[in-house]
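Observations on the three-dimensional arrangement
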Amino acid sequence: MEYSNAVLEATPERATKLLMGIGAVAAVRTLMAGAGMTDDDILEGRALLLDVLAAPRKTAGAPADTDDARAQRAATGELDQWDEPNYARHGAALRRRFPDVHDYVFKDLSPSTGTAAVRGVATFLARLDALENGTDPDRAATKQSDKKAVSFVATRGLDKAERKRLKGLVDVALGPTSPLPETTDFPEAARRREALVKLRGWFDEWATTARAVVKKRSYLIRLGLASRKAPQRKPATAPATPAKPTALPPRPAEPVEESASADFE
């Protein structure tokens, strides 16, 4: 029988529950013995399970990554760690001495994580370049002050060499990576699949038998062959509508007593 990889990989856990349930509940063991399960069958299932657990899980020799992908992650991580403390200290220095430059460099810019940190550092460096080279037409009137600001942060460690290093990290973090080479199945992977198929065959036989002879739901749950039912919520009862008052019949008119001063003939 052909099994999917998902079915096979789920089998060790299911076989473990089945074996443990049979061993833990005497009534289940009795029912299964009556259906033909011997000690040898239990030992067979245990041996097949242990064989699967001992088989290598990963494909031996298959590369899990490429050199440039690892370099990309490393560059992203370094920029992620760089932005928060350096934004803070360079921002504090510029805010005090060149407040206009501070507002320009840090507009909509704050420490981030992951790829957002990479984009943030790239923006930060591009704005410093614009200030140093005077290429932003909106700041034509402040070119001299802008260059002084860039020279000032260089004295605090953000010189041309450091900016070049950071740009290199940005290029690596944003650059393309090569795909993983195609791999073929290795003997270890084939052996693990073979062990899983054997275990699945054992499990299918005895799980089907258990479903046929074990009727108590709690036992089937213990064997991993049934799941607990979700508690059913009682439907919310609508508040009782007060009964309309019953209309009372009209009272008969009381007889009018004649006045004592009436005239009689």
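It should be noted that the structure appears before, not after, this text.
For the structure given in this document, a descriptive report is provided here. Quantities reported herein were computed from a predicted structural model and do not represent experimental measurements.

Concerning the packing of aromatic side chains
Aromatic ring pairs are defined here through the distance separating the ring centres and the angle between the ring planes. All chains considered together, the criterion is met by six aromatic pairs. Consider the rings of tryptophan 82 and phenylalanine 124, whose centres lie 5.9 Å apart with planes at 55°: the pair is tilted. Placement of tryptophan 82 in helix α4 (residues 67-97) and of phenylalanine 124 in helix α6 (residues 115-133) is noted, with a sequence separation of 42 residues between them. The exposure classification of tryptophan 82 matches that of phenylalanine 124, with both residues buried. On the basis of an interplanar angle of 45° and a centroid distance of 5.4 Å, the ring pair of tyrosine 87 and phenylalanine 124 is categorised as tilted. Within this pair, whereas tyrosine 87 is found in helix α4, its partner phenylalanine 124 is found in helix α6, the two being separated by 37 residues in sequence. With respect to class, tyrosine 87 is no different from phenylalanine 124; both count as buried. Aromatic rings pair up to connect Trp82, Tyr87, Phe106 and Phe124 into one cluster.

Quick word on the packing of helix α1 (residues 5-24) against helix α2 (residues 26-34)
It is the contact of α1 with α2, at a shortest axis distance of 5 Å, that shows an interaxial angle of 105°. Taken together, α1 and α2 sit at an angle that is classed as roughly perpendicular. Counting all contacts with α1, which are made through Gly21, Ile22 and Ala24, the residues of α2 involved are Ala26, Val28, Arg29 and Met32. Classifying every residue of the contact of α1 with α2 by side-chain character gives five nonpolar, one polar and one charged.

Examining the nonpolar core
Ranked by size, the top nonpolar core spans 28 residues in total, and within it Leu79, Val105 and Phe124 carry the most contacts. Going through the elements one at a time, α4, α5 (99-105), α6, α7 (143-155) and α8 (160-174) are the ones with two or more residues in this core. Looking at this core element by element, the count peaks at seven residues for α6. In this structure leucine 79 touches Ala117, Val118, Val121, Leu166, Leu169, Val170 and Ala173, once residues within four positions along its chain are discounted.

Reading the values: rules and limits
Residues numbered from 1 in each chain as written. Predicted model: local features only at pLDDT ≥ 70, side-chain atom pairs only at ≥ 80, totals over all residues. Heavy atoms only, no water. Phe/Tyr/Trp six-rings, centres within 6.5 Å; stacked < 30°, edge-to-face > 60°. Helix = DSSP H or I, 4+ residues; strand = E, 2+ residues; numbered from the N terminus. Buried < 20%, exposed > 50% of the residue type's maximum accessible area, 1.4 Å probe, protein only. Axes fitted to C-alpha atoms, helices over the stretch in contact; angles between N-to-C directions. Parallel < 35°, antiparallel > 145°, perpendicular 65-115°, else oblique. Contact = heavy atoms within 4.5 Å. Nonpolar A, V, L, I, M, F, W, Y, C, P; charged D, E, K, R; others polar. Core = buried A, V, L, I, M, F, W, Y, C linked by side-chain atoms within 4.5 Å.

All we've got here are geometric facts, nothing functional implied.
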